[in-house]
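# Results of the structural survey
Here are the chains, one letter per residue:
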Amino acid sequence: MLSSRPLVRASGNPDAVAVTQTDVNQPVEPTPGEPTPTGESVPAPVVEAARRRRIHRAWFVAAVTFVTIIGAAAFRSLPGLLIGPLHDEFHWSRGTIGLAVSINLALYGLTAPFAAALMDRFGIRRVVAVALVVIAVGAGATVWMQHAWQLLLCWGLLVGLGSGSMALAFAATVTNRWFTTRRGLVTGILTAASASGQLIFLPLLSWIVKTHDWRPAAVTVALAALAVVPFVWLLLRDHPADVGLKPYGSEEFVEKPPPATGAARRAVTVLFKAARTGPFWLLAGTFAICGASTNGLIQTHFVPAAHDHGMPITAAASLLAVIGVFDVVGTIASGWFTDRFDARRLLAVYYALRGISLLFLPLLLDATVHPPMIFFIVFYGLDWVATVPPTLALCREQYGDDSAIVFGWVLASHQVGAALVAVIGGVVRDAFGSYDVMWIASGALCAAAALMALVIRRVRGDEVTAARPAALT
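Residues numbered from 1 in each chain as written. Predicted model: local features only at pLDDT ≥ 70, side-chain atom pairs only at ≥ 80, totals over all residues. Heavy atoms only, no water.

### Details of the pattern of salt bridges
This is how it is decided: Whenever Lys or Arg places a side-chain nitrogen within 4 Å of a carboxyl oxygen from Asp or Glu, that contact is recorded as a salt bridge. Runs of H or I in DSSP of at least four residues are treated as helices and runs of E of at least two as strands, each being numbered from the N terminus. Whether a residue is buried, partly exposed or exposed follows from its accessible area with a 1.4 Å probe, protein chains only, as a fraction of its type maximum: under 20%, in between, or over 50%, in that order.
For the structure on display, the rule yields six salt bridges. Among the salt bridges present, the one from Arg215 reaches Glu89, with a minimum N-O distance of 2.7 Å. Pair noted here: Arg215 is in helix α9 (residues 214–235) and Glu89 is in helix α2 (residues 79–90), with a separation of 126 residues, a long-range link. The exposure class assigned to Arg215 is buried, which follows from its relative accessible area of 19%. For Arg354, the salt bridge identified is with Asp383, shortest N-O distance 3.7 Å. Within this pair, whereas Arg354 is found in helix α13 (residues 343–364), its partner Asp383 is found in helix α14 (residues 371–383), the two being separated by 29 residues in sequence. Take Arg354 and Asp383: they sit in the same class, and that class is buried. Salt bridges linked by common partners bring Glu89, Asp213 and Arg215 together as one network.

What follows is the structure, encoded as structure tokens:
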């Protein structure tokens, strides 16, 4: 006779999921720590056999993280679309508008390591939910601005702080906690979420800006950020131990560490330790060039540069969206490659190819979309953030338990590079009337980054413990 009774009772754990036992002849396995019928206590291992045929919870957490990053990516689609409308309405210089974008990009990076430490202290859910609300407030408040300092405050400071807490350090923290294997692939998928958000929102926002105004587009960004908050709060979990699971691919149950106090102190201390090692500066330098050649240059200035050559804004924005399509493919493929090949050589190839493509861009810009431009867009899209999985893998290899925070600082250099080029690009356009100097200079920087990646010394197995800074508590 069959009956339905609980196989695992979620005693003391509101997040645990009950599994039903339909065959009364099979034993009931207790929750870890509960006494068995013989009176013995079951130690740490959880009932994994009953879940063996199910999809591991880690993949659902990764899916929620993916959707969350997509929702937060809406704001990243807007700055390049606002340069023209804000210049026309308020007569602000492109350098001033670029400064607001620069502050946004810099804070996006500089906040990341502190956000990673705050996630260790307060949990992923709380930090991410608050960050999304801050993004919504900052984006929504721009509709009432009348002065340039308000743009710097709303779009620069508030959205920068909120988005920094939603940076790739978020993806790194989720990957490190929930996955032991397939980390490169998962990193690629979560990194691709940002490109997917751009794909979803950029054509829509460009249509709203052209048809209505830039203000409804800003409100759309705010609502997109708010819409994701319930998913984060209800579905995201901080650690596999919260639901009684091992990390994906792990043979051992991992206890949830106690909350780490002194988040700011820990982030700074990890920075000082990592800064005493050569690989940190090489990773930070290459990633700064990565940010300069993507977020700072193409994402911020491609649309106005194409418009300078007579291309409609909607057409230029659609080309950026196509970059987002191939970015998804390229980033996931890069994660797969990172699990199998030398991350240093992958980075060198990525940067070299990106530099070559930028050198050809001044020859391709035109009033119409032609096949060589489409080839550039596809080529650049495949390489857009393909650098993230191997960079994160090298951080993990070099710095172990502190890798998420170290990657946060490396990401900060990425955004500082992006911020500098965002404002320099606007100044160059105001001074010379074109962006040609920026394309050529960025191509040369990418060539330098390729050489820097090859210089990073690989850590041998017997050197890993000595090379990694000790985890702080």
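### Here we look at a nonpolar patch on the surface
Going by this rule: In this scheme, patches are assembled from residues that exceed 30% relative accessible area and form no salt bridge. Like charges are connected within 9 Å, while nonpolar side chains (Val, Leu, Ile, Met, Phe, Trp, Tyr) are connected within 5 Å. Working definition of accessibility: Shrake-Rupley area with a 1.4 Å probe, residue cover restricted to the visible protein chains.
Taken together, Val349, Leu353, Ile356, Leu359, Phe360, Leu363 and Ile440 make up a surface patch of nonpolar side chains, about 680 Å² in accessible area. According to the relative accessible area criterion, Ile440 is partly exposed, its value standing at 48%.

### Side note on the packing of aromatic side chains
The condition is simple: Between 30 and 60 degrees the pair is tilted, below 30 it is stacked and above 60 it is edge-to-face, where a pair is any two Phe, Tyr or Trp rings, Trp via its six-membered ring, whose centres lie within 6.5 Å.
With the rule as written, the count across this model stands at 13 aromatic pairs. Residues Trp59 and Tyr248 carry aromatic rings whose centres are separated by 5.2 Å and whose planes lie at 75 degrees to one another, so their mutual orientation is edge-to-face. In this pair, Trp59 is assigned in helix α1 (residues 57–72) and Tyr248 in the loop between α9 and α10 (263–275), connecting sequence segments 189 residues apart. By relative accessible area, which is 26% here, Trp59 ends up partly exposed. Plain terms: the ring middles of Tyr380 and Trp384 are 5.8 Å apart, the flat faces sit at 70 degrees to each other, and that makes the pair edge-to-face.

### Some remarks on the side chain of Ser357
Put simply, the rule is: Throughout this description, a polar contact denotes any pair of N or O atoms lying within 3.5 Å of each other; where both atoms belong to protein, one of them has to be capable of donating a hydrogen while the other can accept it, and for residues adjacent in sequence the pair is counted only when both atoms sit in side chains. In this analysis, two residues are considered to be in contact whenever any of their non-hydrogen atoms come within 4.5 Å of each other.
Here Ser357 is to be found in helix α13. Looking at Ser357, the relative accessible area reads 7%, which means it is buried. Among the polar contacts made by the side chain of Ser357, one reaches the main-chain carbonyl oxygen of Arg354 at a distance of 2.7 Å. Here Ser357 is in contact with Phe376, Phe379 and Tyr380, once residues within four sequence places are set aside.

### Points about the packing of helix α11 (residues 278–308) against α14
What counts here: In this analysis an axis means a line fitted to C-alpha atoms, helices contributing only their contacting stretch, and an angle means the value between N-to-C directions, from 0 to 180 degrees. Helix crossings fall into two classes, left-handed where the near helix is turned counterclockwise from the far one by less than a right angle and right-handed where it is turned clockwise. Only Asp, Glu, Lys and Arg are considered charged in this grouping, and only Ala, Val, Leu, Ile, Met, Phe, Trp, Tyr, Cys and Pro are considered nonpolar; every other residue, Gly among them, is considered polar.
Where α11 contacts α14, the two axes come as close as 14 Å, and the packing angle between them is 145 degrees. For α11 against α14, the interelement crossing comes out left-handed. Contact residues: Ser293, Thr294, Ile298 and Phe302 in α11; Met373, Ile377 and Tyr380 in α14. For the contact of α11 with α14, a count of residues per class yields five nonpolar, two polar and no charged.

### Considering the packing of α13 against helix α17 (residues 436–455)
The description of two helices packed together rests on the angle between their axes and the distance between the axes. Note the threshold: Here the angle decides the label: under 35 degrees means roughly parallel, over 145 means roughly antiparallel, 65 to 115 means roughly perpendicular, and every other value means oblique.
At a closest axis distance of 8 Å, the pairing of α13 and α17 adopts a crossing angle of 165 degrees. With respect to each other, α13 and α17 are oriented roughly antiparallel. The two elements α13 and α17 cross, and the hand of that crossing is left-handed. Residues Arg344, Arg345, Leu347, Ala348, Tyr351, Ala352, Arg354, Gly355, Leu358, Leu359, Leu361 and Pro362 of α13 pack against Asp436, Trp439, Ile440, Ser442, Gly443, Cys446, Ala449, Ala450, Ala453 and Leu454 of α17. A class-by-class count of the residues in the contact of α13 with α17 yields 15 nonpolar, three polar and four charged.

### Topic: the nonpolar core
So the rule is basically this: We call a set of buried Ala, Val, Leu, Ile, Met, Phe, Trp, Tyr and Cys residues a nonpolar core when their side-chain atoms join them within 4.5 Å.
Among the nonpolar cores identified, the biggest contains 121 residues, and Leu78, Leu86, Phe170, Ile298, Phe302, Met373 and Trp439 are the most heavily contacted of them. By residue number, the principal contributor to this core is α11, which donates twelve residues. Membership of the second largest hydrophobic core comes to six residues, among which are Leu105, Ala106, Ala418 and Ala419.

### What to know about unusual backbone geometry
A positive phi is found at His91, a non-glycine position, where the angle reads about 60 degrees. Mapping His91 onto the fold places it in the loop between α2 and α3 (94–110). What makes His91 exposed here is its relative accessible area of 67%.

### Some details on the environment of Asp120
Topologically, Asp120 is positioned in helix α4 (residues 112–122). Along the backbone, Asp120 and Pro257 are 137 residues apart, and their C-alpha atoms lie at a distance of 8.7 Å.

### Things to note about α9
Three or four residues apart is the spacing at which side chains of an α-helix point the same way, because the helix has 3.6 residues per turn. Basically, it comes down to this: The length a helix should cover is 1.5 Å for every residue beyond the first.
Its 22 residues give α9 an end-to-end C-alpha distance of 33 Å, which sits within 8% of 32 Å, the value for a rise of 1.5 Å per residue. Those residues of α9 lying buried are Trp214, Arg215, Ala217, Ala218, Val221, Ala222, Ala224, Ala225, Val228, Val229 and Val232.

### Quick look at α4
Every buried residue of α4 is listed here: Ala112, Pro113, Ala115, Ala116, Ala117 and Met119. With its phi angle positive at about 100 degrees, Gly123 sits one or two positions after the end of α4.

### Re the environment of Leu132
With respect to the secondary-structure elements, Leu132 resides in helix α5 (residues 124–141). The buried category is assigned to Leu132, whose relative accessible area is 0%.

### So, the confidence of the model for the protein chain
So the rule is basically this: Each residue carries a pLDDT score, the predictor's own confidence in it, on a scale running from 0 to 100.
Looking at the protein chain, pLDDT values average 77 and 81% of them are 70 or higher. Element-level mean pLDDT values for the protein chain span from 40 in strand β2 (residues 20–23) up to 92 in α17. Taken together, the stretch residues 35–51 has pLDDT below 50 and engages in 37 contacts with residues farther than four places along the chain or on a different chain. Across residues 461–473 the pLDDT falls below 50, and counting only partners more than four positions away or on other chains, this stretch makes 25 contacts in the model.

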